[in-house]
Amino acid sequence: MNLRIYIKSSVEKKSTDPFEEGGLFMKKSLILFLCLVMVSTAFLAGCSPKAEDTAPVADTTPTSEDPTTEEPAATEEPSGTLVVGIEEASGNFNPLYYSSSYDGYVVDMVFESLIARNFDGEFEGVVADSWEYSEDGKSITFNMKKDLVFSDGQPLTANDVVFTYKVLADPSYTGRYSSAVKDMVSYDEYYAGETDEFTGVVALDDYTVQFNFKEALRVNFANCTYQILPEHYYGVDFEPGNTAGVEALSTDAVGSGPYLISQFKEKELVYLERNPLYKGEGYMIQDIILKFVDQTTDIVELTSGNVDLLAGVIEPTKIAEARNNGFSINSYNRSGYGYIKTNNEFGPTADKLVRQALYYSFNTKEFVNSYYYDKDTDQVLASTQYHPFSQVSWAITDELKAEMIEYDFDLEKAKALMDEAGWVVGPSGFREKDGVVMELNIAAMPDHDILATLIPMWERDWGQGLGVKLNIAYLEFNTILDYVIYNSDANVDKWSLFFLATSITTPDPHSLYTTFHSDYIGSGNDNTSRYSNPRVDELLDEAKGIMDIEEAKPIYAEIAKILNEDAAMMPVYANTYFDLYNPKLVDMKTSSLYGWVKGLKDAKIVE
């Protein structure tokens, strides 16, 4: 997970504190999860990235010995329209600045990177044809394909790769992904303004680019995966120390990917058309419409034919309805989870004992066993967990899970922890300390199906059970992001906890780095809980340099145990994802690390 300073939010600013009486925002904006994690780590177990072998190409030229010469097959043309139901997109389609996973869908269709994971989770070339490491492992040189162009017809060259990473390294960069360049040569000097030359990424010629790192780290390779921006478009006003012009180009995107943005209608849809200049393979659907649908009615939109695909569905009733109506279904373990983050810097939740008390008095098993129960199959489609890793992370072992503190529901233990922290029930009926009533300001999205279940549980157990005064503020999704990411320094005193969910695009536990390292506390950064622990910082720095994942596992296990004891985050559920779609969409392959956008590569519309 990655980040940097304040970036402009599309949310209208209001001076009224939403936690004060009469000050609740009631805008209806229902985004289920925040993709706070971009690709930030490197290898699958036993799979080191290396230059691909080039297979010999069979000679199919007709000769005089051929008995017949067949007419060449007609070239297949893109066709059909796919309507995908999503909850919202903010219109920030700049690869270096977006935050929402829904905006990320558009980014992934419009832009390309040097390398990306395939269906099997292994890295393969996209813009890159091949790559090789230096003998000391500190440099990676990519040989790029020479026929690629951006959607405006300009060639994609090594200079565009250099430009992209130079923006990430700039001291004025305000996006979330600066962690990608911090281990590169000359980053410190460039960021400090001591030089205008960033030598972490260098163009050796028009189609050869070299990445240079300070150390040979396990995570270096994955830091070469960021989508490539055309310098001639995004860099018109760029100069070292001024990235404002790059940031301003958010909705009108120019990339080399399979699609281009035809239309964006706020609160309504994003319309994408097949890029006629796309040089890659697959993506044979002509038009993709991302239609904004309400979480409470999205399954009706699907079964009535208004949308063709709902990705990452988690509710058993919706899955059963799709199944009973003959829709196609892909299912897989989600690489991610739903979670609660508490404010570790300000207010009552800055105290570890308070966080532990809240954890013990939150009945996660009750929630999971109720909300995720599928009566058609008599199965629970999710599980509880107490570690911070995704279900597909190689850091998970049986030993690790056995060493986690299981915060099973125990209201009496929670009360004792509150008493120990000095928060005792006072004359007001609420817990008080030094004459001050304990209040928790909860940032929540309105009309959110999961929150509609969780909030009554919190009111029952935290409110009535523990005696904590709960202030529920219903905030637009972008307002929550403004509170906890974009302008978090100014809003640190306004919130106590929030619920969101994350999807993690790598099996490498290095994804935790920007989420819990203290270097990433502050406006624009990923450490939204504002958690600081010097020992965790030290372990995260150590772990990223260990090449052998078996050697790295004990380090990540120690990190997980500390985070678990500190109750730095409360995982709520780890679930199965279900992609529900119209049978006219064929050859659609998805998995934990290969979402529906990547699945479109082989998919087709057959009416």
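Asks: Would you mind going over unusual backbone geometry in detail, with residue names and values included?
Replies: The backbone of Asp-378 shows a phi angle near 55 degrees, a positive value even though the residue is not glycine. On the secondary structure map, Asp-378 appears in the loop between β14 (373–374) and β15 (379–380). The exposure class assigned to Asp-378 is exposed, which follows from its relative accessible area of 55%. The phi torsion at Asp-434 lies on the positive side, around 55 degrees, for a residue other than glycine. Among the structural elements, Asp-434 can be located in the loop between β18 (431–433) and β19 (436–437). For Asp-434, a relative accessible area of 75% puts it in the exposed group.

Asks: Give a detailed account of the packing of aromatic side chains, specifying residues and quantitative values.
Replies: Taken as a whole, this structure holds 41 aromatic pairs when the rule is applied. With a centroid separation of 5.1 Å and an interplanar angle of 10 degrees, the aromatic rings of Trp-458 and Trp-462 are classed as stacked. Highlighted residues: Trp-458 and Trp-462, both in helix α12 (residues 449–465), separated by 4 residues, approximately one helical turn. We note that Trp-458, like Trp-462, is buried. Each member of the aromatic cluster is reached from another via a ring pair, and the members are Tyr-98, Phe-123, Trp-131, Tyr-133, Phe-142, Tyr-165, Tyr-177, Phe-211, Phe-221 and Tyr-226. Its end group placed over the ring of Phe-123, Arg-117 keeps NZ or CZ at 4.3 Å from the ring centre. The ring of Phe-119 carries the charged tip of Lys-589 above its face, separated from the ring centre by 5.1 Å.

Asks: Could you give me a rundown of the environment of Glu-273, with the residues and numbers involved?
Replies: One can find Glu-273 in strand β9 (residues 269–274). Given a relative accessible area of 31%, Glu-273 falls into the partly exposed group. Residues Glu-273 and Gln-263 lie 10 residues apart in sequence; the distance between their C-alpha atoms is 9.2 Å. Setting aside residues up to four positions removed in sequence, Glu-273 forms contacts with Pro-258, Tyr-259, Leu-260, Ser-262, Gln-286 and Asp-287.

Asks: Quick one: what's the story with the sheet that holds β18, residue by residue and with numbers?
Replies: Ordered by their spatial adjacency, 3 strands build an open sheet running β17-β18-β19, and the pairing between neighbours is antiparallel. Since the sheet does not close on itself, it has two edges, and those belong to β17 (424–425) and β19, each with one partner. The pairing of β18 with β19 spans 2 bridges and is classified as antiparallel. Each bridged residue has a counterpart across the sheet, and for Lys-433 the counterpart in β19 is Val-436.

Asks: Talk me through the packing of helix α8 (residues 352–360) against helix α11 (residues 411–420); I want residue IDs and the actual numbers.
Replies: With their axes 8 Å apart at the nearest point, α8 and α11 run at an angle of 165 degrees to one another. Classified by the interaxial angle, the pair formed by α8 and α11 is roughly antiparallel. Between α8 and α11 the crossing geometry is left-handed. Contact residues: α8 offers Leu-353, Val-354, Gln-356, Ala-357, Leu-358 and Tyr-360, while α11 offers Lys-413, Ala-414, Leu-417, Met-418 and Glu-420. Considering only residue class, the contact of α8 with α11 consists of 8 nonpolar, 1 polar and 2 charged.

Asks: Residue-level account of the side chain of Ser-529, with values.
Replies: Relative to the helices and strands, Ser-529 is located in the loop between α15 (513–516) and α16 (534–543). Excluding residues within four positions of it along the chain, Ser-529 makes contact with Lys-341, Thr-342, Asn-343, Asn-344, Glu-345, Trp-495, Phe-516 and Ala-568.

Asks: For the packing of α16 against helix α17 (residues 549–566), give the residues involved together with the corresponding values.
Replies: Here α16 crosses α17 at 155 degrees, and the two axes come no closer than 9 Å. Classed by the angle they form, the pair α16 and α17 counts as roughly antiparallel. At the point where α16 passes α17, the crossing takes the left-handed sense. Between α16 and α17, the residues in contact are Arg-535, Val-536, Leu-539, Leu-540, Glu-542 and Ala-543 and Ile-555, Tyr-556, Glu-558, Ile-559, Ile-562 and Leu-563, respectively. Its residues assigned to classes, the contact of α16 with α17 shows 9 nonpolar, no polar and 3 charged.

Asks: Could you give an account of empty space enclosed by the protein, with specific residues and numbers?
Replies: Summed over the entire model, instances satisfying the criterion amount to 3 cavities of 30 Å³ or more. Quantified by volume, the second largest cavity comes out at close to 50 Å³. Tyr-386, His-387, Pro-388, Phe-516, Ala-560, Leu-563, Asn-564, Ala-568, Met-569 and Pro-571 together form the lining of the second largest cavity. Those elements giving two or more residues to the lining of the second largest cavity turn out to be α17 and β23 (569–581). For the lining of the second largest cavity, the per-class residue count stands at 8 nonpolar, 2 polar and no charged.

Asks: Got a sec to walk through the side chain of Gln-385? Specific residues and values, please.
Replies: Within the element layout of this structure, Gln-385 appears in the loop between β16 (382–383) and α10 (398–403). A polar contact of 2.9 Å, which involves the side chain of Gln-385, links it to the backbone oxygen of His-387. Excluding its chain neighbours within four sequence positions, the residues that come into contact with Gln-385 are Tyr-337, Tyr-359, Gln-391, Pro-571 and Ala-574.

Criteria and cut-off values
- Residue numbers run consecutively from 1 along every chain, following the written order of its sequence.
- Reporting of local features is limited, given that this is a predicted model, to residues whose pLDDT is at least 70; pairs of side-chain atoms are given and counted only at 80 or more, and all residues count toward the totals for whole chains, interfaces and linings.
- Heavy atoms from the whole structure form the basis of all side-chain values; hydrogens and water molecules are not counted.
- A run of H or I in DSSP counts as a helix once it spans at least four residues, and a run of E counts as a strand once it spans at least two, with each numbered from the N terminus.
- Buried, partly exposed and exposed residues are distinguished by accessible area as a fraction of the type maximum, computed with a 1.4 Å probe on protein chains only: under 20%, between the cut-offs, and over 50%, respectively.
- The pairing test for Phe, Tyr and Trp rings, Trp by its six-membered ring, is centres within 6.5 Å, and the orientation test on the planes gives stacked under 30 degrees, edge-to-face over 60, and tilted for anything in between.
- A ring is scored as having a charge over it whenever the NZ atom of a lysine or the CZ atom of an arginine sits within 6 Å of its centre and within 35 degrees of its normal.
- Whether two residues are in contact is decided by their heavy atoms: any pair within 4.5 Å suffices.
- For two strands to be treated as a pair, DSSP must find at least two bridges joining them.
- All axes are obtained by fitting lines to C-alpha atoms, using only the stretch in contact for helices, and the reported angles, taken between N-to-C directions, cover 0 to 180 degrees.
- Put simply, angles under 35 degrees are roughly parallel, angles over 145 are roughly antiparallel, angles from 65 to 115 are roughly perpendicular, and the rest are oblique.
- Left-handed describes a crossing in which the near helix is turned anticlockwise from the far one by less than a right angle; the clockwise case is right-handed.
- Polar here means any residue other than Ala, Val, Leu, Ile, Met, Phe, Trp, Tyr, Cys and Pro, which are nonpolar, and Asp, Glu, Lys and Arg, which are charged; Gly is therefore polar.
- Think of a 1 Å grid over just the protein atoms. A cavity is a set of points where a 1.4 Å probe fits yet cannot get out, a pocket is an open set with protein on both sides within 12 Å along at least five of seven lines, and lining residues have an atom within 4 Å of a point.
- Grid points are joined across faces, edges and corners, and a volume is the space filled by probe spheres set on the points.
- Counting of polar contacts relies on pairs of N or O atoms within 3.5 Å, with two restrictions inside protein: one atom must be capable of donating a hydrogen and the other of accepting it, and residues adjacent in sequence are counted only when both atoms are side-chain atoms.

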